[in-house]
Amino acid sequence: MKNVRIWFKKIGTARFISHLDLNRCMLRAIHKAKIPLWYTQGFNPHAFITFALPLSLGIAGERESMDIRLEDTELTREELISRLNAALPDDIPVFDATEPVMKPGEIACASFIMELETENICAEEAVSRIKGMLEQENIIVPKHTKSGIVDLDIKPFLRKTEIAPKTGLIEIQTVLPAGSNMNVNPLLICDAIKTYLKLDFYADIKRTNLYNADFQIFV
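Residue indices begin from 1 for each chain and proceed along its sequence in written order. Note on the predicted model: pLDDT of at least 70 is required for a residue's local features to be given, and 80 or more for side-chain atom pairs to be given and counted; whole-chain, interface and lining totals, by contrast, use all residues. Values shown for side chains rest on all heavy atoms present in the structure; no hydrogens or waters enter the calculation.

Draft legend 1. Quick look at the pairing of strand E7 (residues 148–153). The rule for pairing is simple: two strands pair if DSSP sees at least two bridges between them. Helix and strand definitions here come from DSSP, where helices need a minimum of 4 consecutive H or I residues and strands a minimum of 2 consecutive E residues; each element is numbered from the N-terminal end. In this sheet, E7 lies alongside strand E6 (residues 140–145) in antiparallel orientation, the contact comprising six bridges. Within E7, the residue paired with Lys143 across the bridge is Val150. In this antiparallel pair of consecutive strands, E6 and E7, the connection spans two residues.

Draft legend 2. A look at the packing of helix H3 (residues 123–134) against helix H4 (residues 187–197). Between H3 and H4, the least distance of the axes is 11 Å, while the angle of their chain directions is 95°. Relative to H4, H3 is oriented roughly perpendicular. Across from Arg129, Ile130 and Met133 in H3, the residues of H4 making contact are Ala192, Ile193, Tyr196 and Leu197. Three classes are used, and their members are as follows: Ala, Val, Leu, Ile, Met, Phe, Trp, Tyr, Cys and Pro are nonpolar, Asp, Glu, Lys and Arg are charged, and the others, Gly among them, are polar. In terms of residue class, the contact of H3 with H4 is built from six nonpolar, no polar and one charged. A fitted line through C-alpha atoms serves as each axis, taken over the contacting stretch for helices, and the angle formed by two N-to-C directions is quoted from 0 to 180°. Here the angle decides the label: under 35 degrees means roughly parallel, over 145 means roughly antiparallel, 65 to 115 means roughly perpendicular, and every other value means oblique. Contact definition: two residues touch when any of their heavy atoms are within 4.5 Å.

Draft legend 3. The nonpolar core, seen in detail. Here, nonpolar core means buried Ala, Val, Leu, Ile, Met, Phe, Trp, Tyr and Cys residues that are tied together by side-chain atoms lying within 4.5 Å of each other. For every residue, the accessible area (1.4 Å probe, protein chains only) is compared with the maximum for its type, and the residue is labelled buried under 20%, exposed over 50%, or partly exposed between those bounds. Among the nonpolar cores identified, the biggest contains 40 residues, and Leu116, Ile154, Ile170, Ile172, Ile189 and Ile193 are the most heavily contacted of them. Where this core is concerned, the elements lending two or more residues are strand E5 (107–118), H3, strand E9 (169–177), H4 and strand E10 (201–212). Apart from residues lying up to four places away in sequence, Ile189 is in contact with Met114, Ile154, Leu158, Ile172, Thr174 and Leu176. Judged by nonpolar contacts, the second largest core, of 27 residues, contains Met26, Ile49, Leu84 and Ala87.

Draft legend 4. Representation of the confidence of the model for the protein in the model. Every residue carries a pLDDT, the predictor's confidence in it, which falls somewhere between 0 and 100. Averaged over every residue, the pLDDT of the protein is 93; residues scoring 70 or more account for 100%. At the level of individual helices and strands, the protein shows its lowest average pLDDT in E6, which scores 91, and its highest in strand E4 (residues 94–98), which scores 98.

Draft legend 5. Broad picture of a nonpolar patch on the surface. Two joining distances apply to patches: 9 Å for like charges and 5 Å for nonpolar side chains (Val, Leu, Ile, Met, Phe, Trp, Tyr), and every residue must have over 30% relative accessible area and no salt bridge. Only the protein chains shown count as cover for residues, and the accessible areas themselves come from Shrake-Rupley with a 1.4 Å probe. One speaks of a salt bridge when a side-chain nitrogen belonging to Lys or Arg is within 4 Å of a carboxyl oxygen belonging to Asp or Glu. Together, Val101, Ile217 and Val219 make up an exposed nonpolar region whose accessible area comes to about 230 Å². Take Val101: it is sitting in the loop between E4 and E5.

Draft legend 6. Layout of H3. With 12 residues, H3 should reach 16 Å at 1.5 Å per residue; the first-to-last C-alpha distance of 16 Å fits that figure. Restricting attention to buried positions, one finds in H3 the residues Ala123, Ala126, Val127, Ile130, Met133 and Leu134. Down the axis, H3 shows its buried residues gathered within 120° of arc, on one side only. A helix is expected to span 1.5 Å for every residue after the first. Working note: the arc is built from the helix axis to C-beta atom directions.

Draft legend 7. Representation of the pattern of salt bridges. Within this structure, the stated rule accounts for 10 salt bridges. Among the ionic pairs, Asp67 bridges to Arg5, the shortest N-O distance being 2.7 Å. Of this pair, Asp67 sits in strand E3 (residues 60–70) while Arg5 sits in strand E1 (residues 2–10); the two residues are 62 residues apart in sequence, bridging distant segments of the chain. With relative accessibility at 10%, the residue Asp67 sits in the buried group. Classification of Arg5 by relative accessible area gives buried; the value is 1%. When the shortest N-O distance is used, the salt bridge between Arg15 and Asp204 registers 2.9 Å. Residue Arg15 is found in the loop between E1 and helix H1 (19–32), and its partner Asp204 is found in strand E10; the two are separated by 189 residues along the sequence. The network of salt bridges with common partners includes Arg77, Glu78 and Asp96.

Draft legend 8. Spotlight on the packing of aromatic side chains. Centre distance within 6.5 Å is the pairing criterion for rings of Phe, Tyr and Trp, where only the six-membered ring of Trp is used; planes under 30 degrees apart are then read as stacked, over 60 as edge-to-face, and the remainder as tilted. Under the criterion given, the structure shown has four aromatic pairs. Looking at Arg69, its charged tip hangs above the ring of Trp38, at a distance of 4.8 Å from the centre. A cation sits over an aromatic face here: Arg69 above Phe48, 4.2 Å from the ring centre. Consider the ring centre and the ring normal. A charge sits over the ring if Lys NZ or Arg CZ is within 6 Å of that centre and within 35 degrees of that normal.

Right, dumping it as C-alpha cells:
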C-alpha cells in the first residue's frame, strides 16, 4: 500500500458543485479508471479518500488536493494521472500526483484572487472606494457559524490584501485564515463591500494556494 496526494483543479462549472458531489465524482472516476484503491477493513469497509480543505460553493480552486491509498504500488504517476483525467469532467483536471508531505491539519491560511465586475461605476473609482473602506478601524460583517450568526470584524485578517484595477475589473489578492481554529471566507469581503459601499458586482473568486503557519506552500 502507498499513500498518494492527487492534485487537481476545480474550475468552470465544477466550482458550483458541492463538496459532497465532488467526493462522489472522484469516487466514481476512481472506480471507472480502475484505480486500485485501498478500502478499510471490517464490517462496513469504505474507500480511503480525504480532501485537504473543502472549497466553498462557487469558488474555484487552482491547486486542490485529495489523498488516496493505493493497493498497487507499481502504478506509475503518469498512468494514474492519465486514467483519472480520462474518467473526470474537463472542469476537474488532475495535474500531478505526489507523496504526501504535510498533513491537512497543518494548513493555516489560503491565498485567493478575486475579480469583481461592477455595474454603473468604473473600476478605478470602485478600487478607490474599496481602499477607503479598508482604512476603516473596523469592518463588521455577519458570519455563519455552527452556533449561529455572529458579527465578525474582518479588518485584522486583511493585512495581506492588495487591490488594483485590471482591464475594467477590480482585482483583489488576499491571504486569509483557513485553518481549523479560524476560517475566513473571501465572500465575507464581498459582503463587506456590498454593505459598506452599496456596490453591485459579479465576483469571480479562485483559491490559488494553501499554506502552513510558516507560510510554506502546502505539499
